[in-house]
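Residues per chain, in single letters:
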Amino acid sequence: MRITDLLSKESIKLNLSSKTKPDVIDEMVDLVDASGNLNNKAEYKEAILAREELSTTAVGEGIAIPHAKTKAVKKACLAAGITKDGIDYEAFDGSLSNLFFMIAAPDGANNTHLEVLSRLSTILMDEEFKNSLINSTSVDEFLSLIDKKETEKFPEESKEVKTHNEPQNIKENNKYPEVLAVTACPTGIAHTFMAAENLNNKAEEKGITIKVETNGSGGVKNALTKEEIEHAKCIIVAADKKVQMNRFDGKKVIITKVADGIHKADELLDRAIKGYAPVYHADGVSNDSEESTDEKESLGRKFYKDLMNGVSHMLPFVVGGGILIAIAFLLDDYSINPANFGKNTPIAAFFKTVGEQAFGFMLPILAGYIAMSIADRPGLAVGFVGGVIAKDGYTFTNVMDFANSNPISSGFLGALLAGFVAGYIVLLLKKIFSKLPESLEGIKPVLLYPVFGILLMAIFMMAVNPIMGAINTGLNNFLSSMSGSSKILLGAVLAGMMAVDMGGPFNKAAYVFGTAQLTVANAGPEQFEIMAAVMIGGMVPPIAIALATTFFKDRFTESERKSGIVNYVMGLSFITEGAIPFAAGDPARVIPSCVVGSAIAGALSMAFSCGSRAPHGGIFILPVISNPLMYFVALVIGSVVGGLILGLLKKKKVS
């Protein structure tokens, strides 16, 4: 959703008359109301004030982005205001705010406010652009500047043929990009686009024409065409999850991890332009003698990619369902019937029912897409069925009388096992059925693989479910028995893991462990506390870095200070990946600082018995977190400690 689509001329004011924070909120709310997109102006203002009570929305460097998501909004919209004198909006860096954007998002919109926040933060990093907005002489000029900047920063949305990824000389000379690239990470939020941006920037520096396709959370953007692939010298696939590879058959392809797209773009582009890459064959067999270590995946990396394929497809169900369940608890009345908490009132019952249905797909989706990563599409159905059997705890002893038995779900561990076994069952079937005549090729994927695959999967899972169920139950009992120092230590370890590689294997392992606790039957406070500790551990690194860039300015370059502002928003939104550029540039100082800060925050969260029924949302789900005030205190303490350590460890920049 483009910023210019949300702004109207009626909602822009280039000379705000306000002198104080309350006054500017009133004036900005009036501008939002002038767009005609509010149901209830007073209720919207209350939501804005409630958000400000959590923490100021002034992000520093003269910018404030107040926002609210409420049923008082009919349609997502945006208001903008400018004051040359500046207003004290309680910014973290103590600066006066000159440029205001107020976001109005309707209740139920899919994180519209977060998308707009992220987009605004990205384009406002450019100080020259920010100053040009502040010095606009007309509303038309203001809108034109934003439209031009959005087109430049988000070229895939441009209606023009020319894009950032397709330099002008390509279009004019009717050439194709010399190098193509595909970037993808498990969650498709930060690493995907950071790798794409870095490849684009480095290619521009080297004078190499490039086009980068991103496989992000919103789907494939800037897709590579058949003609572009045909004419490319080389293709770089920087991905930690499965991407469509058959289209590259016969082309030179460099296959590597998404982190290399961020940290080793120079090296990848040099290899690509010189053609130092093996020829990719769709059957997976390469006859190129230049096979490199990048393409020879280790067993551990293959396991990670298959697992992350399942996790990336699972997360939308976990996040969506989990937050809806949390809302149900927020809206319900515990005193009516504690045993039925979450469904005592009609509105709560609605949210909890829908949330449970979405959340219930977590384990089957995990298993299905792990299997699909291993064996392609035929593995999906087999893995999905294995995940359902693991989730419901079917065994040979209870399958005949399931209603009167006492099934024990093998949970996340069972679904994990089911996914990998399903994938290799299908690979085995492919090998066995390869002996059949070619005339029967068409019935394999629609008849032979699903029938025999599901049958073998069911037999295997029913045999191992009692064992996996016992392990799962034992683990949950162990976690439930933890208290005092052991519980605090667990919180510190999990939160610290979230900061070790900020979106990598350690981070994902901790996050998956946290979300798995929410799937436990009759999950209680212990499971919710684990999820809260995991989430706070992922929020601290970006905020700690933002604080360090704000209060230790002489330790950072001007570019780093600008990026630091964005990290306030990313940290509060639980997007740990915002810290990656800083960690990549100075890992010896940044990573230990963030790990210590996150571990302290996680330990305090556990000590204060803070629990989260939702697996995502950051500061925006604070109302549904148990003991929210102390959770916020833990976040502040951990972030301040991390930021302070980083500021002290960093050396002053030579001016």
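In this report, we go over the structure that sits alongside the text. None of the values given here were measured: they were computed from a predicted structure. (Residues numbered from 1 in each chain as written. Predicted model: local features only at pLDDT ≥ 70, side-chain atom pairs only at ≥ 80, totals over all residues. Heavy atoms only, no water.)

Considering the overall build of the protein
This is how the line gets drawn: Under the scheme used here, helices are H or I runs from DSSP no shorter than 4 residues and strands are E runs no shorter than 2 residues, and both carry numbers assigned from the N terminus. Remark: exposure states derive from per-residue accessible area (1.4 Å probe, protein chains only) relative to the maximum for the residue type, with buried under 20%, exposed over 50%, and partly exposed in between. A contact between two residues is defined here by any heavy atoms of the two lying within 4.5 Å. Accessible surface is estimated by sampling points in the Shrake-Rupley manner with a 1.4 Å probe; for residues, cover comes only from the protein chains shown.
Summing up its helical and strand segments, the protein has 24 helices and 13 strands in all. With 655 residues in all, the protein has 54% of them scored as buried. For the protein, the proportion of contacts with a sequence separation of at least 24, taken over those separated by at least 6, is 71%. As presented, the protein carries roughly 28300 Å² of accessible surface, and 58% of it is formed by carbon and sulfur atoms.

Concerning the packing of aromatic side chains
To keep it simple, the criterion reads: Within 6.5 Å between ring centres, the rings of Phe, Tyr and Trp (the latter by its six-membered ring) count as paired, and their orientation is classed by plane angle as stacked under 30 degrees, edge-to-face over 60, tilted in between.
What the rule picks out here adds up to nine aromatic pairs. Geometrically, the ring pair formed by Phe 303 and Phe 420 is stacked, given 4.7 Å between the ring centres and 10 degrees between the ring planes. Pair noted here: Phe 303 is in helix α12 (residues 299–331) and Phe 420 is in helix α16 (residues 411–433), with a separation of 117 residues, a long-range link. With 6.1 Å between their ring centres and 35 degrees between their planes, Phe 433 and Tyr 449 make a pair best called tilted.

Regarding the packing of helix α15 (residues 378–392) against α16
The condition that has to hold: In this analysis an axis means a line fitted to C-alpha atoms, helices contributing only their contacting stretch, and an angle means the value between N-to-C directions, from 0 to 180 degrees. For this classification, under 35 degrees means roughly parallel, over 145 means roughly antiparallel, 65 to 115 means roughly perpendicular, and everything else is oblique. Each helix crossing is assigned a hand: it is left-handed if the near helix lies turned anticlockwise from the far helix by less than a right angle, otherwise right-handed if that turn is clockwise.
One can describe the packing of α15 onto α16 by two numbers: an axis separation of 8 Å at closest approach and a directional angle of 150 degrees. Judged by the inter-axis angle, α15 sits roughly antiparallel to α16. For the crossing formed where α15 meets α16, the hand is right-handed. Residues Pro 378, Gly 379, Val 382, Gly 383, Gly 386, Gly 387 and Ala 390 of α15 form the contact with α16, whose participating residues are Gly 411, Gly 414, Ala 415, Ala 418, Ala 422, Val 426 and Lys 430.

Some thoughts on the pattern of salt bridges
What counts, and what does not: Whenever a carboxyl oxygen of Asp or Glu lies within 4 Å of a side-chain nitrogen of Lys or Arg, that contact is scored as a salt bridge.
In total, this model carries 21 salt bridges according to the counting rule given. Note that Asp 30 and Lys 41 form a salt bridge whose closest N and O atoms lie 2.4 Å from each other. Here Asp 30 is found in helix α2 (residues 21–34), whereas its partner Lys 41 is found in helix α3 (residues 41–54), with eleven residues between them in sequence. You can call Asp 30 partly exposed: its relative accessible area is 37%. When the shortest N-O distance is used, the salt bridge between Glu 228 and Lys 211 registers 2.9 Å. You can see Glu 228 sitting in helix α9 (residues 226–231) and its partner Lys 211 sitting in strand β8 (residues 210–216), a full 17 residues away along the chain. A residue is classified by how much of its surface remains accessible, and Glu 228, at 8% relative accessible area, is buried. The network of salt bridges with common partners includes Lys 202, Glu 205, Lys 206, Asp 266 and Asp 270.

Regarding the side chain of Lys 130
With respect to the helices and strands, the residue Lys 130 is situated in helix α5 (residues 127–134). The exposure class of Lys 130 is buried, given its relative accessible area of 7%. Aside from chain neighbours lying at most four places away, what touches Lys 130 is Glu 61, Ile 63, Leu 99 and Leu 124.

Quick word on a nonpolar patch on the surface
The cut-off we apply is this: Only residues above 30% relative accessible area that lack a salt bridge enter a patch, with like-charged residues linked at up to 9 Å and the nonpolar side chains Val, Leu, Ile, Met, Phe, Trp and Tyr linked at up to 5 Å.
Together, Leu 436, Leu 440, Ile 443, Val 446, Leu 447, Val 451 and Phe 452 give the surface a local cluster of nonpolar side chains, amounting to about 560 Å² of exposed area. Of note, Leu 447 is situated in helix α17 (residues 444–481).

Digging into the nonpolar core
Within soluble globular proteins, side chains that are nonpolar generally end up buried alongside one another. Under the convention used in this document: In this text, buried Ala, Val, Leu, Ile, Met, Phe, Trp, Tyr and Cys residues form a nonpolar core when linked through side-chain atoms within 4.5 Å.
Of all hydrophobic cores here, the largest spans 61 residues; its most connected members are Val 311, Met 314, Phe 412, Tyr 511, Tyr 631 and Leu 635. Residues in contact with Leu 635, not counting those within four places in the same chain, are Ile 536, Met 539, Val 540, Ile 543, Leu 572 and Ile 619. Within the second largest apolar cluster, 27 residues are counted, among which are Leu 6, Val 59, Leu 120 and Phe 142.

Quick word on the side chain of Thr 550
Within the secondary structure layout, Thr 550 lies in helix α20 (residues 525–551). The class of Thr 550 is buried, set by a relative accessible area of 12%.

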